[in-house]
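# Analysis of the macromolecular model
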Protein chains: 2
Amino acid sequence: MTANRQIVLADLPKGKLSTEHFRLTQTECPAPGEGEVLLKVLYVSLDAANRAWMQGATYRSALQAGDVMAGGALAEVVESKAGNLKAGDLVFADTGWQEYAVLKAKHLAKLPRVEPLTHLISVFGVAGLTAYFGLLECGLPKAGETVAVSAAAGSVGLFVGQIARIKGCRVVGIAGGAAKCQMLKDDFGFDEAVDYKGGNLFKDLKRAAPDGIDVYFDNTGGDILEACLFQMNVGGRIACCGAVSQYDSAAPHGPRGVPGLIVTKRLRLRGFIVSDFADQNDQAMADLQAWTRSGQLKVQEDVLEGLENLPGALIGLLAGENVGKRMVKVA
Amino acid sequence: MTANRQIVLADLPKGKLSTEHFRLTQTECPAPGEGEVLLKVLYVSLDAANRAWMQGATYRSALQAGDVMAGGALAEVVESKAGNLKAGDLVFADTGWQEYAVLKAKHLAKLPRVEPLTHLISVFGVAGLTAYFGLLECGLPKAGETVAVSAAAGSVGLFVGQIARIKGCRVVGIAGGAAKCQMLKDDFGFDEAVDYKGGNLFKDLKRAAPDGIDVYFDNTGGDILEACLFQMNVGGRIACCGAVSQYDSAAPHGPRGVPGLIVTKRLRLRGFIVSDFADQNDQAMADLQAWTRSGQLKVQEDVLEGLENLPGALIGLLAGENVGKRMVKVA
């Protein structure tokens, strides 16, 4: 019998998440029933939203203490009792943090085998699609406009900035630390970068976007959202993608300027998750593939190894230590 | 020479607005130059936005101490030196709080003489059009959905609720005091009403909208916006029309749930002012006229008298003492 190592969420965090909240356990590898597949987890995707799931119900039900930690992963079908998948097929699924998982096959779709496989998690996965739909469908950028994005060196942010450049926009990245900011400009073509840890967020943002911001892609919420609200132009759009500044601590209140600035500047804010646009996936994939092939879109990945390193990988992600899409190779 | 009595904003308010901030003065009636008209002010419209103009630049430049208090009014052309208007024509214009005003005629449009004239300020004026466009263009309500509106007994709110009912929605009004709430249900067809002064806003709102809120028309911001955010359904829309809760005091921060709830519920918020939809005015006026004629839309007006009573009328409006559209008859 094959063993199945798992990471369990031992306790729900009240404040900051730490490795103490997780526990490594081992069970037997489960067997698929009718309509199910047994999946071998290859790469687990690390996402700020993982932390939000511990806070309460979001677009998925809240995690409970004792649950196998939830998370999306690229996985390979080992055994299938469903018509739509066969052994060897690749899928992206919420397997959780474990080596094997049995899932209903009905909602799983076979992915193409691309080289490298990790691109199925980064540019051709949730990160790339989130950037694509959030920017283009919620942000509605026009050539010549100024686009700002927070967590700009993160998995989604790097794609947002580059896609905005492809669309002819001026791009301002907001990231933590001088090194990340330099990299945004030198390696990813951002026009300007603002270090939110620099202590002068309002002033630095104003200098980086002297004509104001037309589209803001918000990954953080909090102080950065507030600063951007004050810098938005009339008729501006805000794509609300996440609130990573608030996942790891209580958020006592929202940003100043809500709703006053929304009214006076006639702003449009739209929250979204990537599956809201599933019917447009084909077009998005075609664009992302073309841009990647042509080199217009650089794919930055941050691949760690070992199931046991997942808790540390998430904690580090929440602290902003990664550049590009973070994932952990499990098998 | 005709005298022109004026109300001047003597001092900019730091905190609560009081009659001390205004001064009644008298000048000579001005004469129109080429391309201008001399207007006699008939009815001055009172609007919560009047107070916002004292806070800083909004969609118009901020008021300064010593300015004639700004405000929109229904006025009659007394003398014209412009081709597009003649003596006796009616216009709606930012005359300010005075008996006579000279304005450039270029941006003024002749209004029809309807009976009663006050309808040009209420249902066929900014209040009616704001309700119409905010609800239908920003709120995008569908029949069967639940629509909530704050300041529901105010000039805009009463129209919002009634138009939502005409469109087949379930309507929850939020207003201050039991008497107003009763009136919303008894006289204006609201399905439910919530007294925000009742001390149980979250619970009362949940009871009034047990299936959640699909469209929220926000006139207030602050605690009411916060409560509605928590009660919104996935895919809900919020029309951001004003922030009257914050005009008369500093707003230290925004509502909890921004942006977290916007993301997880995939909400759309849109700020607007009525002129954003000027190209659709004809259709709006046709609908508003038809509904008023058929009795589906009741027009509630609160008409006070006397230029000297304008400061008190605005202060009372900010305190929520009016029901329906407040205006002051000047001549």
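Residues numbered from 1 in each chain as written. Chains lettered and ligands numbered in written order. Predicted model: local features only at pLDDT ≥ 70, side-chain atom pairs only at ≥ 80, totals over all residues.

Another aspect to go through is the overall build of chain A. A tally of regular secondary structure across chain A gives 10 helices and 14 strands. By the compact-globule yardstick of 20 Å for 331 residues, chain A fits well, its C-alpha radius of gyration being 20 Å. Its C-alpha atoms put chain A at 65 × 45 × 35 Å along the principal axes. Residue burial in chain A is summarised as follows: out of 331 residues, 53% are buried. (Helix = DSSP H or I, 4+ residues; strand = E, 2+ residues; numbered from the N terminus. Rg over C-alpha atoms; globule rule 2.2 N^0.38 Å. Buried ≥ 20, exposed ≤ 12 C-beta atoms within 10 Å, placed from the backbone.)

Quick look at the domain arrangement of chain A now. Residues and elements named next belong to chain A. With domains assigned, chain A is organised as domain 1 (3–122 + 300–329) and domain 2 (126–275). Each of domain 1 and domain 2 was reduced to a C-alpha centroid, and the two centroids are 28 Å apart. Domain 1 puts 20 residues into the contact, and the matching count from domain 2 is 16 residues. If you list the elements that add at least two residues to the side of domain 1 that touches domain 2, you get α1 (48–52) and β14 (325–329). In terms of residue count, α1 provides more of the side of domain 1 that touches domain 2 than any other element does, 4 residues in total. Each residue belonging to the side of domain 1 that touches domain 2 can be placed in one class, and the counts come to 7 nonpolar, 9 polar and 4 charged. (Domains from an automatic or database assignment. Contact = placed C-beta atoms within 7 Å. Nonpolar A, V, L, I, M, F, W, Y, C, P; charged D, E, K, R; others polar.)

A word on the packing of helix α2 (residues 126–139) of chain A against helix α3 (residues 155–166) of chain A. All names here are of chain A. Taken N-terminus to C-terminus, the directions of α2 and α3 make an angle of 50°; their axes are 8 Å apart at the nearest point. In terms of their interaxial angle, α2 and α3 are classed as oblique. In this structure, the crossing between α2 and α3 has a hand that is right-handed. The segment α2 lies against α3, with Ala127, Gly128, Thr130, Ala131, Tyr132 and Leu135 engaging Ser155, Val156, Phe159, Val160, Ile163 and Ala164. Here the contact of α2 with α3 is composed, by residue class, of 9 nonpolar, 3 polar and no charged. (Axes fitted to C-alpha atoms, helices over the stretch in contact; angles between N-to-C directions. Parallel < 35°, antiparallel > 145°, perpendicular 65-115°, else oblique. Left-handed = near helix turned anticlockwise from the far one by under 90°.)

Attention shifts here to the sheet that holds strand β12 (residues 268–271) of chain B. Spatially, the 12 strands line up as an open sheet ordered β9(A)-β8(A)-β7(A)-β10(A)-β11(A)-β12(A)-β12(B)-β11(B)-β10(B)-β7(B)-β8(B)-β9(B), and their pairing is mixed. Since the sheet does not close on itself, it has two edges, and those belong to β9 (192–195) of chain A together with β9 (192–195) of chain B, each with one partner. Ignoring strand direction, the axes of neighbouring strands in this sheet form an average angle of 15°. Direction of pairing for strand β7 (residues 146–150) of chain B relative to strand β10 (residues 213–218) of chain B: parallel, over a ladder of 3 bridges. Pairing of Val149 of chain B across the sheet is with Phe217 of chain B, part of β10 of chain B. (Pairing = 2+ DSSP bridges.)

Turning our attention to the nonpolar core. In terms of nonpolar packing, the biggest core is built from 216 residues, with Leu39 of chain A together with Leu39 of chain B touching the most fellow members. Every residue in contact with Leu39 of chain A, bar those within four places of it in the chain, is listed here: Ala75, Glu76, Val77, Val78, Val91, Ala93, Thr95, Tyr100, Ala101 and Leu103 of chain A. (Core = buried A, V, L, I, M, F, W, Y, C linked by C-beta atoms within 7 Å.)

Taken together, the 32 residues of chain A in the interface contact 32 residues of chain B. Of all the secondary structure elements, the ones that give two or more residues to the side of chain A that touches chain B are α8 (260–264) and β12 (268–271) of chain A. Per-class residue counts for the side of chain A that touches chain B are 15 nonpolar, 10 polar and 7 charged. As paired strands, β12 of chain A and β12 of chain B are joined by 3 bridges and run antiparallel to one another. Each residue of the ladder has a partner; that of Arg268 of chain A, found in β12 of chain B, is Arg270 of chain B.

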